[in-house]
Amino acid sequence: MPINWIFKKSRNELEKGGRIPDAATQEEVEMTQTCPACGREVPLSEVWSNNFVCSCGHCFRMNARQRIDFLTDKDSFEELFGELYSTDVLDFPNYKEKLESICQSTGETEAVVCGTAKINGELCALFVMNPYFMMGSMGTVVGEKITRLFEYATESSLPVVGCTVSGGARMQEGILSLMQMAKTSGAVKRHSDAGNFYLVILTDPTTGGVTASFAMDGDIILAEPGATIGFAGARVIEQTVRKKLPAGFQKAEFLLSHGFIDKIVPRSEQKKVVSSLLELHHRRKRA
Amino acid sequence: MKTTAYDCVQMARSTKRPTGTEFIEKVFSDFIELHGDRRFADDPAIVGGIATMCGTPFTVIATEKGTNTKDRVYRNFGAPNPEGYRKALRLMKQAEKFRRPIVCFVDTSGAFCGIGAEERGQGQAIAENILEMMTLKTPILSIVIGEGGSGGALALAVADEVWMLENAVYSVISPEGCASILWKNSNKAAEAAQSLKLTAEDIYGLGVVERIIPEKGDIHKIFGRLGTDIYSWYRRYMEYTDEELLEARYQRFRKIGIEIDEKGLNK
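Let me sum up the structure you'll find in this document. All values reported here derive from a predicted model rather than from experimental measurement.

Reading guide: rules and limits
Residue positions are given per chain, counting from 1 as you read along its sequence in written order. Throughout, the order in which chains and ligands are written sets their labels, letters from A for the former and numbers from 1 for the latter. Local features are withheld for residues below a pLDDT of 70 in this predicted model, meaning they are given only at 70 or higher, and side-chain atom pairs are given and counted only at 80 or more; totals for whole chains, interfaces and linings count all residues. To obtain the side-chain values, all non-hydrogen atoms of the structure were included, while hydrogens and water were left out. Put simply, DSSP H or I for four residues or longer makes a helix, DSSP E for two residues or longer makes a strand, and each gets a number counted from the N terminus. The atom set for the radius of gyration is the C-alpha atoms, and the globule formula is 2.2 Å times the number of residues raised to the power 0.38. Each residue's exposure class comes from its accessible area (1.4 Å probe, protein chains only) as a fraction of the maximum for that residue type: buried when under 20%, exposed when over 50%, partly exposed otherwise. What sets the accessible areas is the Shrake-Rupley method with a 1.4 Å probe; for residues, cover comes only from the shown protein chains. Strand pairing is assigned whenever DSSP detects at least two bridges linking the two strands. Buried Ala, Val, Leu, Ile, Met, Phe, Trp, Tyr and Cys residues form a nonpolar core when they are joined through side-chain atoms within 4.5 Å. By definition in these notes, contact holds between two residues if any of their heavy atoms fall within 4.5 Å. Axis definition: a line fit to C-alpha positions, over the contact stretch in the case of helices; interaxial angles, taken between N-to-C directions, run 0 to 180 degrees. In this scheme the crossing of two helices becomes right-handed for a clockwise turn of the near helix relative to the far one and left-handed for an anticlockwise turn of less than a right angle. Two aromatic rings from Phe, Tyr or Trp, using only the six-membered ring of Trp, form a pair when their centres are within 6.5 Å; if the ring planes differ by under 30 degrees the pair is stacked, by over 60 it is edge-to-face, and anything between is tilted. For a ring to carry a charge above it, either NZ of a lysine or CZ of an arginine must fall within 6 Å of the ring centroid while also lying within 35 degrees of the normal to the ring plane. By definition here, a salt bridge exists when the distance from a side-chain nitrogen of Lys or Arg to a carboxyl oxygen of Asp or Glu is within 4 Å.

Details of the overall build of chain A
Working step 1: The secondary structure content of chain A amounts to eleven helices and nine strands.
Working step 2: Relative to a compact globule of 287 residues, whose C-alpha radius of gyration would be 19 Å, chain A shows 19 Å and is just as compact.
Working step 3: In terms of overall dimensions, chain A has C-alpha extents of about 70 × 45 × 45 Å along its principal axes.
Working step 4: Counting across all 287 residues of chain A, residues that qualify as buried make up 56%.
Working step 5: On chain A, roughly 12500 Å² of surface is accessible, and the fraction owed to carbon and sulfur atoms is 51%.

So, in structure tokens, the structure goes:
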């Protein structure tokens with residue numbers, strides 16, 4: 001077995017699943033991750049210490065736990081609905097096996113983690129999607145957890161902060177996945193109609209059924225620099241219109257210039273911007 | 001020979017089926033088409049307006065695939081752009097204001113995947129329809145008459161009841177798309193169609209639609225019966241207060257998902 005094969009495998013597992021180890025081994029410290037933007041081999045130790053951002057500004061993807069650690073105050077996150085897990089409702093080929101292996105490799109039960117947390121002292125309900133769990137796709141359990149989070153936040157008059165990353169609805173759960181778009185939107189609407197604040201941060205990539213539902217429903221919509229955000233996949237569009245797509249198509253900057261997001265916020269400023277916005281939306285009584 | 005799921009897909013896509021506008025015109029009377037989203041353009045892939053049934057005005061909306069080659073091109077083969085969804089929402093809000101019930105006929109392979117569609121916010125337009133339809137204070141009925149293609153169909157199907165024609169399909173993704181993503185082979189579409197559980201019978205079994213409309217051989221003969229069914233649906237829903245209507249609509253979608261026990265855990 002070639003040595004670089006072992007190396008590659010362990011590196012992928014580090015990128016995929018894992019949490020930042022408390023004490024990185026010498027071997028891990030020496031590993032690198034290629035930046036897709038500038039091509040530099042970035043040492044993992046640098047990736048971890050710089051909130052998964054390359055010196056060129058490119059934002060690497062983060063798993064849900066990494067993002068929660070980064071965005072929320074230390075030890076403030078309390079998970080909700082973590083006991084729910086997906087089942088192979090439609091008896092879809094290979095889905096059960098896929099779920100099992102992805103649960104094992106990520107240590108998660110689904111593609112979204114929900115709970116309450118403080119961000120610079122501001123209490124909120126929080127959901128964070130996970131790109132390493134079937135590309136953050138939304139099946140029945142992702143829909144259920146997000147719906148419950150909005151219902152919980154409505155009952156407790158809490159703002160919701162959501163970080164989206166998703167390939168869209170999960171096709172292995174068929175029409176039931178599609179219906180989660182309506183189910184989550186119903187809960188978002190009730191939360192909104194009760195006068196509560198919903199802030200969403202779109203991260204790379206946010207597409208398909210998630211874009212076409214709760215990702216675009218925020219009172220304020222932020223995005224990470226360079227994130228791909230859209231409805232249809234670029235390849236599908238290219239095949240449909242048989243044209244080369246313009247440079248920067250479906251990037252956060254493209255959405256900003258077309259008027260679909262409020263602001264692009266680099267990771268280094270996110271915590272501050274989110275907490276300020278939460279503070280500005282404290283419920284006020286009319287004088 | 002038993003009809004397969006992929007046979008159903010092909011029947012649903014057949015150009016011999018009546019299109020959305022024909023449903024409006026044959027099921028309702030006095031259709032007046034209303035155009036435009038008041039923001040950008042008029043999308044010919046979605047047709048909407050006011051029509052009557054037994055003297056009662058309804059707001060009616062349909063995706064329209066077109067009836068001949070030229071018309072199909074003009075209608076973008078029934079694949080709406082964002083302005084189509086925005087027109088539909090404008091007409092639905094108008095329906096709410098004047099307390100008209102809404103009937104949508106859905107027949108689309110999906111929202112259009114184009115450069116302009118993305119530039120004008122296809123995802124945002126669909127999201128807004130779904131969000132707003134959840135709390136529109138007037139009864140909504142959606143009928144999938146051919147293809148119910150993913151988010152582009154759902155954007156007209158957040159309703160109090162959803163019905164499907166016997167040979168219609170409703171799916172999160174096209175079988176070809178599914179096969180090409182999962183198995184890198186769009187020739188496995190028939191297999192994907194089977195796995196996706198997209199036939200009217202399957203969708204009904206999953207509790208996603210309330211009724212299957214039998215086609216009994218000739219689909220062109222169903223208009224009269226469909227009219228009677230729609231009218232009695234409307235009479236039933238007229239009795240609801242706004243609160244009852246919205247609560248029932250919320251619960252209709254709320255319950256779709258994994259099986260949950262009384263403690264809120266997986267069954």
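Additional details are given in the paragraphs that follow.
Points about the sheet that holds strand β8 (residues 220-223) of chain A
All names here are of chain A.
Working step 1: The seven strands are arranged β3-β4-β5-β6-β7-β8-β9 in an open sheet whose pairing can be described as mixed. Two strands lie at the open edges of the sheet, namely β3 (78-80) and β9 (263-264), each paired on one side alone.
Working step 2: Relative to strand β4 (residues 112-119), β3 runs antiparallel, the two sharing three bridges. Opposite Glu-78, over in β4, you have Thr-116 as the bridge partner.

Looking at the nonpolar core
Working step 1: The biggest cluster of nonpolar side chains holds 144 residues, and the ones touching the most others in it are Phe-127 of chain A together with Phe-28, Phe-105, Ile-143, Tyr-170 and Ile-230 of chain B.
Working step 2: The element that contributes the greatest number of residues to this core is helix α7 (residues 174-193) of chain A, accounting for eight residues.
Working step 3: Apart from residues no more than four positions distant in its own chain, Phe-105 of chain B is found in contact with Phe-23, Ile-24, Phe-28, Ile-61, Ala-62, Thr-63, Ile-143, Ile-145, Leu-226 and Ile-230 of chain B.
Working step 4: Core analysis: the second largest hydrophobic core is formed by 33 residues, Phe-60, Leu-71, Val-128 and Val-273 of chain A among them.

Re the packing of α7 of chain A against helix α6 (residues 122-133) of chain B
Working step 1: Taken N-terminus to C-terminus, the directions of α7 of chain A and α6 of chain B make an angle of 65°; their axes are 8 Å apart at the nearest point. Along this stretch, α7 of chain A crosses α6 of chain B, giving a crossing that reads as right-handed. Of the residues in α6 of chain B, those touching α7 of chain A at Met-181, Ala-182, Ser-185, Val-188 and Lys-189 of chain A are Ile-130, Leu-131 and Glu-132 of chain B.

Quick notes on the packing of aromatic side chains
Working step 1: Tallied over the full model, the rule gives 13 aromatic pairs over all chains.
Working step 2: Seen in terms of ring centroids, Phe-23 of chain B and Phe-223 of chain B are 5.0 Å apart; in terms of plane orientation they differ by 75°. Their pairing is edge-to-face. Highlighted residues: Phe-23 of chain B in helix α2 (residues 20-27) and Phe-223 of chain B in helix α11 (residues 223-238), separated in sequence by 200 residues. Exposure class is identical for Phe-23 of chain B and Phe-223 of chain B. Each is buried.
Working step 3: Every member of this aromatic cluster is reached through a ring pair, and the members are Phe-23, Phe-28, Phe-58, Phe-105, Phe-223, Tyr-231 and Tyr-234 of chain B.
Working step 4: Taking the ring centre of Tyr-250 of chain B as reference, the NZ or CZ of Arg-190 of chain A above it sits at 3.7 Å.

Remarks on the pattern of salt bridges
Working step 1: Here the structure, examined in full by the defined rule, presents 32 salt bridges over all chains.
Working step 2: In this structure, Lys-74 of chain A engages Asp-75 of chain A in a salt bridge whose closest nitrogen and oxygen atoms are separated by 4.0 Å. Like Asp-75 of chain A, Lys-74 of chain A is exposed.
Working step 3: Put simply, Glu-144 of chain A and Arg-148 of chain A hold a salt bridge, and the shortest N to O gap is 2.8 Å. Taken together, the positions of Glu-144 of chain A and Arg-148 of chain A, both in helix α6 (residues 140-155) and four residues apart, correspond to about one turn of that helix. With respect to class, Glu-144 of chain A is no different from Arg-148 of chain A; both count as buried.
Working step 4: Counted as one network, the salt bridges with shared partners bring together Glu-144, Arg-148, Glu-151 and Lys-183 of chain A together with Arg-254 of chain B.

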